[in-house]
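Structural overview for review
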Amino acid sequence: MKTRLLLLLLSVWCSCGYGQTIIGEDLDFADPDQKHTLVTKRGDQFLGHLHWLSNDSLGFQIASLPDTTVFQLAAVEYVGLLGTQPVVYRDLDAAFVPDYADDPRYSLPFHLLNYSATALPYAGKGSYKNTMLAVNQVDFTPNEHLGITVGAFIPAIFMIKVRAHVSLSDIIHVGGAWHQYLSVFDQDSRLPSHPYAVLTVGDHKKYINITYGFWMYNDNNSFFDQENFPLITLGASYAFSNRWRFFAEAAALFSNESPQVYPTFFLSNHKRQRTLDFGLFAIPQSVVGIFPGLSYTFLF
């Protein structure tokens, strides 16, 4: 009785304060068997259970998701008993907005692989990534077709990465990128450049990524006096929920000796603005052969 009275009072307040926000008066937080529906003002519709309600937000447990999602009342059109409002079931895996339903900047960073860039459009604004404490990168995406990354290897190797891409269709994406590595202290060191072309087939949920380029060593500080080796990467990613994805990538370097192949296999877990990647790097030419990998990404 108290729960329904509270809902009634909040319903009146929400109707006055937010105009079109409608909350059903028959909702009961304490009844786990009640099925509720929530409709946002941009047309998204969800099936689940309303857990709590405040003067400016609500907590809604979306069916099949483990955590309660917070919605701002200003973004909600209606919440009530299932059947009191037409429901259009939504592909939650395709939404990729686990905690920030109205802000695509914080969606799962599906476009990232270990060795190369993809040509997928991504709406995020930027990110910071740390890999095994030794590699730090800051990535900027001014728009969906351009990306710039700056970073450093400990102790003193800087890197700059630039990429540009365009979508030819819903599943065909092409682009190009350039990775440049620079030494801070040893100006005569032969650090490589990596220019390459990119072809991505698929979408943000699943795709295959292929790049072809060169691993180039500059001699005598001259751009035109170089030693070039073909470098091909093949990667794939599959997001099997809005929080989890599996991705793998292998780089093949064709040097003067036999080709060297470096495969990686990773799982990615995403929540709010944070993503944790963990998996394995394989270096067949080394004594150990397989190394654990761990990276942390913060979206801003």
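Residues numbered from 1 in each chain as written. Predicted model: local features only at pLDDT ≥ 70, side-chain atom pairs only at ≥ 80, totals over all residues. Heavy atoms only, no water.

1. Comments concerning the overall build of the chain
Test applied: Under the DSSP-based scheme used, a helix requires at least four consecutive residues in state H or I and a strand at least two consecutive residues in state E, with every element numbered from the N terminus. Each residue's exposure class comes from its accessible area (1.4 Å probe, protein chains only) as a fraction of the maximum for that residue type: buried when under 20%, exposed when over 50%, partly exposed otherwise. Here, residues are in contact when the closest pair of their heavy atoms is within 4.5 Å.
If you tally the helices and strands in the chain, you get two helices and 18 strands. Considering the chain as a whole, with its 300 residues, one finds that 43% of them fall into the buried category. Taking the contacts inside the chain whose residues are at least 6 apart along the sequence as the reference set, 43% of them involve residues at least 24 apart.

2. Remarks on the side chain of Thr 118
Basically, it comes down to this: Pairing of N or O atoms within 3.5 Å defines a polar contact, subject to two protein rules: one partner must be a possible hydrogen donor and the other a possible acceptor, and residues neighboring in sequence count only if both atoms are side-chain atoms.
With respect to the secondary-structure elements, Thr 118 resides in the loop between helix H2 (92-95) and strand S7 (126-131). Relative accessible area serves as the criterion here: at 5%, Thr 118 is assigned to the buried category. Within the local environment of Thr 118, its side chain forms a polar contact with the backbone oxygen of His 111, the two atoms lying 3.0 Å apart. Setting aside its immediate chain neighbours within four residues, Thr 118 contacts His 111, Leu 113, His 165, Val 198, Thr 200, Tyr 207 and Asn 209.

3. What to know about the packing of aromatic side chains
Note the threshold: Between rings of Phe, Tyr and Trp, where Trp is taken as its six-membered ring, a pair exists when centres lie within 6.5 Å; planes separated by under 30 degrees are stacked, by over 60 edge-to-face, and by other angles tilted. Each ring is checked for a lysine NZ or an arginine CZ that lies within 6 Å of its centre and within 35 degrees of its normal; such an atom marks a charge sitting over the ring.
This structure, assessed with the given rule, holds nine aromatic pairs. Their ring planes at 70° and their centres at 6.4 Å tell us that Phe 140 and Phe 300 sit as a pair that is edge-to-face. In this pair, Phe 140 is assigned in strand S8 (residues 135-143) and Phe 300 in the segment after strand S18 (290-299), connecting sequence segments 160 residues apart. Taking the relative accessible area as the measure of exposure, Phe 300 reaches 33% and is therefore partly exposed. Measuring from ring centre to ring centre gives 5.7 Å for Tyr 212 and Phe 214, while their planes differ by 75°; the resulting arrangement is edge-to-face. Classification of Phe 214 by relative accessible area gives partly exposed; the value is 33%. We note Arg 245 situated over the ring of Phe 247; from NZ or CZ to the ring centre the distance is 4.0 Å.

4. With respect to the pairing of strand S9 (residues 146-153)
As a reminder of what qualifies: One requirement defines pairing of two strands: DSSP has to find at least two bridges between them.
Note that S8 and S9 share seven bridges and pair antiparallel. Its bridge partner lying in S9, Asn 143 is registered against Leu 146. Linking two consecutive strands that pair antiparallel, namely S8 and S9, is a turn of two residues. Judged from the eight bridges that link them, S9 and strand S10 (residues 157-167) form a sheet pairing that is antiparallel.

5. Some details on a nonpolar patch on the surface
Note the threshold: Nonpolar side chains (Val, Leu, Ile, Met, Phe, Trp, Tyr) are joined into patches within 5 Å and like charges within 9 Å, using only residues with over 30% relative accessible area and no salt bridge. Only the protein chains shown count as covering a residue, and every accessible area follows the Shrake-Rupley method with a 1.4 Å probe. Here a salt bridge means any side-chain nitrogen of Lys or Arg lying within 4 Å of a carboxyl oxygen belonging to Asp or Glu.
Together, Phe 140, Leu 146, Ile 148, Val 150, Phe 158, Ile 160, Val 162, Leu 182, Val 184, Phe 185 and Phe 300 line one region of the surface with nonpolar side chains, adding up to about 910 Å² of accessible area. Those elements giving two or more residues to the nonpolar patch turn out to be S9 and S10. In this structure, Val 162 sits in strand S10.

6. Quick notes on the sheet that holds strand S4 (residues 57-62)
Strands sit in the order S1-S6-S2-S3-S4-S5 across an open sheet of six strands; the sheet is mixed. A single partner strand is all that each edge strand has here, and the edge strands are strand S1 (22-23) and strand S5 (69-72). Relative to strand S6 (residues 76-81), strand S2 (residues 36-40) runs antiparallel, the two being bridged by five bridges. Paired with His 36 across the two strands is Leu 81, which belongs to S6.

7. A short note on the nonpolar core
We count it as follows: Side-chain atoms within 4.5 Å are what join buried Ala, Val, Leu, Ile, Met, Phe, Trp, Tyr and Cys residues into a set we call a nonpolar core.
Formed by 15 residues in total, the largest nonpolar core has its most connected members in Leu 38, Leu 50, Leu 58, Phe 60, Phe 71 and Val 79. Those residues in contact with Phe 60 that sit more than four places away from it in its chain are His 36, Thr 37, Leu 38, Phe 46, Leu 47, Gly 48, His 49, Leu 50, Thr 68, Thr 69, Phe 71 and Val 79. Counting nine residues, the second largest nonpolar core, distinct from the first, contains Leu 113, Leu 120, Tyr 122 and Leu 299.

8. Describing the pattern of salt bridges
Applying the stated criterion to the full structure yields four salt bridges. Among the salt bridges present, the one from Lys 271 reaches Asp 67, with a minimum N-O distance of 3.7 Å. Of the two residues, Lys 271 sits in strand S16 (residues 260-271) while Asp 67 sits in the loop between S4 and S5, which places them 204 residues apart along the sequence. Accessibility expressed as a relative area gives 28% for Asp 67, which makes it partly exposed. With a shortest N-O distance of 2.9 Å, Asp 139 and Arg 163 are connected by a salt bridge. Of the two residues, Asp 139 is situated in strand S8 and Arg 163 in strand S10; the sequence distance between them amounts to 24 residues. Here Asp 139 falls in the buried class, since its relative accessible area comes to 9%.

9. Things to note about the confidence of the model for the chain
Counted only if it meets this: The quantity known as pLDDT measures the predictor's confidence residue by residue, on a range of 0 to 100.
For the chain, mean pLDDT is 80; residues scoring 70 or higher make up 80% of the total. Low confidence marks residues 86-102, where pLDDT is under 50. Its contacts with residues over four positions away, or in another chain, come to 44 contacts.

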